[in-house]
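Letter by letter, the chains look like this.
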Amino acid sequence: MLPRVADSLSFLYLDMVRVVQDDTGVCAQIKTDGGRTDLVYLPTAALSCLLLGPGVSITTRALSTLARHGTSVVCVGAGGIRAYAGILPDSLTTRWIEQQVTTWADPAKRLDVAIHMYRMRFQDADIPHTVTLEQLRGMEGQRMKAFYKILAQQHGIGRFRRNYRPDQWDSQDPVNLALSAANTCLYGVVHAALLALGLSPALGYVHTGTQHAFVYDIADLYKVETTLPLAFALHSSDNAEQEARRRFREDLRLLRLLPRIVSDVQSLLTPRHNAAVGTDDDKDEERSERQDVRMVHLWDPHAGVLPAGVNYAAGGN
């Protein structure tokens, strides 16, 4: 049975260990203060994604076993707050990236996904039936300005204006510094989730022109409840940037954000008419983030998916 997104073992984060393969399985070697080496065996068959944090080394044999079991491996920063690189098993399903490309390449479907993301962020929003992306951007801008104003009033800091200026980093106020630092952490978490699903971080629906366009799209779904309140709470901090990173990493343990991101992204990419059909078990199976691929198929614009390993020449064997 495939692991579900809700499983506590869907994602596992490690740091300061050595991951090796022995005669029993893949294990993490942990050095204790007394000089003893403890072994913790990893349930590789139940893992969708292994996040390797700072201080981790891993052997080729261990990586091969993880790949055989269909586990994605992502190199991340402390607490999983940055994603640097990912190794995807060849058994990882292409279903989600195919669905991403299909919806991204069709302007009508791309707008539909953008509207769906807006509804996820602002559930009480009244969206016109014929809304355009330009109107959607304007509505989103008004909502965010109102939210900035509410947070500024709550913390008594007067008027706030978002100002992201990398060339003037040290001259920014604590809220902007904290928000930029916390957002960077959030982008890392989202990036890791997208890589684990085999998706392209570059194909965004609202953002475009960068290898992280889809990362920014998905991260926007969670800023109102994560990075924004955190940044405003640090308005009087002497080291807002460092404090934001530390606090975000601590809060991430409580938020359980990774499984939620996976579920939300799958919901976004699942066609609306298909999502309403079938039993709950069917939908769980379809939305599992890991589906082993047993056979490569061929694509045909008219006949659909055809089996590979067949000679299609007339009279071929």
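Our subject is the structure listed above.
Fair warning: this is a prediction, and the values are worked out from it, not measured in the lab.

A.B. asks: Residue-level account of helix H9 (residues 257-269), with values.
C.D. replies: With 13 residues, H9 should cover 18 Å at 1.5 Å per step; its first-to-last C-alpha distance of 18 Å lies within 8% of that length. Every buried residue belonging to H9 is among Leu257, Leu258, Pro259, Ile261, Val262, Asp264, Val265, Gln266, Leu268 and Leu269, and all of these are buried.

A.B. asks: Tell me what's going on with the pattern of salt bridges, and back it up with residues and numbers.
C.D. replies: Inspection of every chain in the model, using the stated rule, returns 9 salt bridges. We note a salt bridge from Arg36 to Asp38, for which the minimum N-O separation is 2.8 Å. Given a relative accessible area of 26%, Asp38 falls into the partly exposed group. With a closest N to O distance of 2.9 Å, Asp124 and Arg143 form a salt bridge.

A.B. asks: Mind laying out the sheet that holds strand E1 (residues 11-14), listing which residues take part and the relevant values?
C.D. replies: Ordered by their spatial adjacency, 4 strands build an open sheet running E1-E5-E7-E8, and the pairing between neighbours is mixed. Of all strands in the sheet, those bounded by a partner on one side alone are E1 and strand E8 (83-87). Each strand axis lies, on average, 20° off the axis of its neighbour in the sheet, ignoring direction. With 4 bridges connecting them, strand E7 (residues 72-76) and E8 associate as antiparallel partners. By the bridge assignment, Val73 is partnered in E8 with Ile87.

A.B. asks: So what's going on with the pairing of strand E5 (residues 49-52)? Residues and values would help.
C.D. replies: Alternating positions in E5 separate into two faces, Cys49 and Leu51 on one and Leu50 and Leu52 on the other, with burial throughout. Bridge analysis of E1 against E5 gives 4 bridges, and the strand direction is parallel. Across the sheet, Leu12 pairs through a bridge with Leu50, a residue of E5. As paired strands, E5 and E7 are joined by 4 bridges and run parallel to one another. Residue Cys49 lies in a different strand from E7, and its bridge partner there is Ser72.

Procedures and definitions
Sequence order as written defines residue numbering, which begins from 1 separately in each chain. Selection of residues for local features in this predicted model requires a pLDDT of at least 70, selection of side-chain atom pairs for listing and counting requires 80 or more, and totals for whole chains, interfaces and linings are taken over all residues. As a convention, hydrogens and water are excluded, and side-chain values are obtained from all of the structure's heavy atoms. Starting at the N terminus, helices and strands are each numbered in turn, a helix being any DSSP run of H or I of at least four residues and a strand any DSSP run of E of at least two. The span expected for a helix works out to 1.5 Å for each residue beyond the first. Only protein chains enter the accessibility calculation, which uses a 1.4 Å probe. A residue is then buried if its area is under 20% of the maximum for its type, exposed if over 50%, and partly exposed in between. What makes a salt bridge here is a side-chain nitrogen of Lys or Arg within 4 Å of a carboxyl oxygen of Asp or Glu, nothing more. In this description, strands pair whenever DSSP reports at least two bridges between them. Note on geometry: axes are C-alpha line fits, over the in-contact stretch for helices, and angles between N-to-C directions span 0 to 180 degrees.

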